[in-house]
Amino acid sequence: MTILCLASYEKGHEFLRECKRQGWNVVLLTSESIRQEARFPTESMDEIFYMADDHHRWDLTHTLNAVAYLARTRSFDRIVPLDDFDVEVAAMLREQLRVPGMGETTAHYFRDKLAMRMRAADAGIRVPDFVHVLNHGQVAAFLERVPGPWVLKPRSMAGAIGIRKLASAQEVWETVHALGDEQFRYVLERFVAGDIFHVDSIVFERQVRFAISSGYGKPPLEVAHAGGIFTTRILERESETARRLLAENQRVLTGLGLLRGVSHTEYIIGRDDGHVYFLETSARVGGAHIAELVEAATGINLWAEWAKVELAGGHVPYAPPQSREDYAGLLVSLARQEHPDTSQFADPEVVWKMEKSHHIGLIVRSPRPARVRELLEDYTARIARDYHAVEPPQQQPSH
Ligand SMILES: Nc1ncnc2c1ncn2[C@@H]1O[C@H](COP(=O)(O)OP(=O)(O)O)[C@@H](O)[C@H]1O
Ligand SMILES: [Mg+2]
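Residues numbered from 1 in each chain as written. Chains lettered and ligands numbered in written order. Predicted model: local features only at pLDDT ≥ 70, side-chain atom pairs only at ≥ 80, totals over all residues.

Colleague: Would you explain the overall build of the protein chain in this entry?
Modeller: Helix and strand content of the protein chain: 12 helices and 16 strands. For the protein chain, whose C-alpha radius of gyration is 21 Å, the value lies close to the compact-globule estimate of 21 Å for 399 residues. Each principal axis of the C-alpha distribution contributes one length, and for the protein chain these read about 60 × 55 × 40 Å. Scored against the burial criterion, the 399 residues of the protein chain give a buried share of 41%. (Helix = DSSP H or I, 4+ residues; strand = E, 2+ residues; numbered from the N terminus. Rg over C-alpha atoms; globule rule 2.2 N^0.38 Å. Buried ≥ 20, exposed ≤ 12 C-beta atoms within 10 Å, placed from the backbone.)

Colleague: Mind showing me how you'd approach the pairing of strand β16 (residues 359-366) here?
Modeller: Strand residues, when the strand is regular, have side chains that alternate between the two faces of the sheet. Within β16, seven of the eight residues are buried, which leaves it mostly tucked inside the rest of the structure. Pairing between strand β14 (residues 327-334) and β16: eight bridges, direction antiparallel. Following the sheet pairing, Ser 333 is matched in β16 by Ile 360. Inspection of the sheet shows strand β15 (residues 350-353) paired to β16 by three bridges, in the antiparallel sense. Within β16, the position partnered with Lys 353 by the bridge is Leu 362. Linkage of β15 to β16, two consecutive antiparallel strands, is achieved through a turn of five residues, within which His 358 is found at a positive phi near 60 degrees. (Pairing = 2+ DSSP bridges.)

Colleague: How do you make sense of the nonpolar core when you look at a structure like this?
Modeller: Generally speaking, a soluble globular protein has its nonpolar side chains buried in company with each other. Ranked by internal contacts, the top residues of the largest apolar core, which has 99 residues, are Cys 5, Phe 15, Leu 188, Ala 328 and Leu 331. The element contributing the most residues to this core is helix α11 (residues 302-312), with seven residues. Every residue in contact with Leu 188, bar those within four places of it in the chain, is listed here: Phe 130, Val 131, Val 133, Val 139, Phe 142, Trp 150, Leu 152 and Val 172. (Core = buried A, V, L, I, M, F, W, Y, C linked by C-beta atoms within 7 Å. Contact = placed C-beta atoms within 7 Å.)

Colleague: What is the right way to read the domain arrangement of the protein chain from this model?
Modeller: Interfaces are often sized by the amount of accessible area the parts lose when they come together. According to the domain assignment, the protein chain contains domain 1 (2-101), domain 2 (129-190) and domain 3 (194-386). With centres defined by C-alpha atoms, the gap from domain 1 to domain 3 works out at 26 Å. On the domain 3 side, the residues contacting the 12 residues of domain 1 number 12 residues. For the side of domain 1 that touches domain 3, the secondary-structure elements that each account for two or more residues are α1 (13-21) and β4 (78-81). Its residues assigned to classes, the side of domain 1 that touches domain 3 shows six nonpolar, two polar and four charged. (Domains from an automatic or database assignment. Nonpolar A, V, L, I, M, F, W, Y, C, P; charged D, E, K, R; others polar.)

Colleague: Got a minute to help me understand the site of ligand 1 in this structure?
Modeller: By nearness alone, 21 residues border ligand 1, and Pro 128, Val 192, Pro 219, Pro 220 and Leu 221 come closest of all. Broken down by secondary-structure element, the contributors of at least two residues to the shell around ligand 1 are β6 (150-154), β8 (186-190), α8 (220-226), β12 (261-270) and β13 (276-280). Residue classes in the shell around ligand 1 are distributed as 14 nonpolar, one polar and six charged. For the shell around ligand 1, the domains that each give at least three residues are domain 2 (129-190) and domain 3 (194-386). (Near = placed C-beta within 6 Å.)

Colleague: Before we go on, may I ask you to explain the sheet that holds strand β5 (residues 130-132) in this structure?
Modeller: In sheet architecture, strand pairing relies on hydrogen bonds along the backbone and comes in two forms, parallel and antiparallel. Spatial ordering of the open sheet is given by β5-β8-β6-β7, a layout of four strands whose pairing is antiparallel. Every other strand in the sheet has two partners, leaving β5 and β7 (164-166) as the edge strands with one partner each. The mean angle between the axes of side-by-side strands here comes to 25 degrees, regardless of whether they run parallel or antiparallel. The pairing of β5 with β8 spans three bridges and is classified as antiparallel. Counted as the bridge partner of Phe 130 is Glu 189 from β8. Where helix α5 (residues 113-122) meets the sheet, its contacts fall on β5, β6 and β8, and the angle it forms with β8 comes to roughly 50 degrees. Of the strands in this sheet, β6, β7 and β8 touch helix α7 (residues 169-179), which is tilted by about 145 degrees from β7. (Axes fitted to C-alpha atoms, helices over the stretch in contact; angles between N-to-C directions.)

Quick look at the structure:
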């Protein structure tokens, strides 16, 4: 059996390793621009091919031609995207080559913020009020009906790139007009003040087989725009909030039609009304080292489990491994120092440190959620004082 993995960015080493452990033939297609620096686990791969890319984006026709050419002499049983931006490319290739797995319609529900909003709303899931930036009459009616502030966001980006929070209708119109022909690629929605959460899941045959909920510190939009330290931590499993998020998460993933795979799905709990709002979902492992966070708390590696459910493909039963019930918290910040000295973070709860220039990142683990919270607060203050740096918001993805 042969799997083709798409990785426009370097991602998913553990996915590739698990495929090899399961005895599959592993073919990787990645971006030419990372040929020199990428450190994919070559011992777990049979072949690697490079697509010419423009900032990690591949020309769709060229990609289809390249994969169809490879398929003349190989038979692909699975095609799997390792990065968010590869999800739609993989779906297109599956449809063209008639390989089983998520098709294009469902892929849009997991990539396009407008498609997921519409589908979720149809399924009776609570979402922030929204409108497609397409018909100006409808946008005007939305601005009349829904009080500001609003957020204007690109339908298919990530990492808060290109998202703007706007306070007046005049600002909205100026921004919309400035977008010119790109307007239809945006969705406008009510800004729901509140805390932001994420649920990371493993789905097999439409059932959520494993899910864990976590809460971000500062909302990611604030971190992206104003700078600050990104934090998230696993919620107490018995808490009311965790229970509500997990229940809503099951409804969202069923409503959007995820058959099998992993998902990183985000929610807002409204400060004013206490409701759970569906923010966004994806059919991939969460970025920003959330896989390491989940593994620290549970022992479950989402990449390896994802490989198992993809390869099982509905023919072989799947059960996730027994999960450890610890708690963990993650901090990531830009650092003033090129190679920050992190030796001051010496508590025994520190289980992971990030290795990346001009960054500082840590994961702490404890059986006690209160201890995780306390360490996060202490470390956040110390990082702000000794390391933190601010960079202008990004316009292009760089993960
Ligand atoms: N409707 C909204 N109300 C309040 N905050 C929002 C809303 N939409 C987005 N945000 C903020 O922007 C961040 C990024 O938005 P999101 O839809 O998750 O896109 P991305 O793919 O960039 O993560 C969120 O984490 C949240 O902080
Ligand atoms: Mg998000």
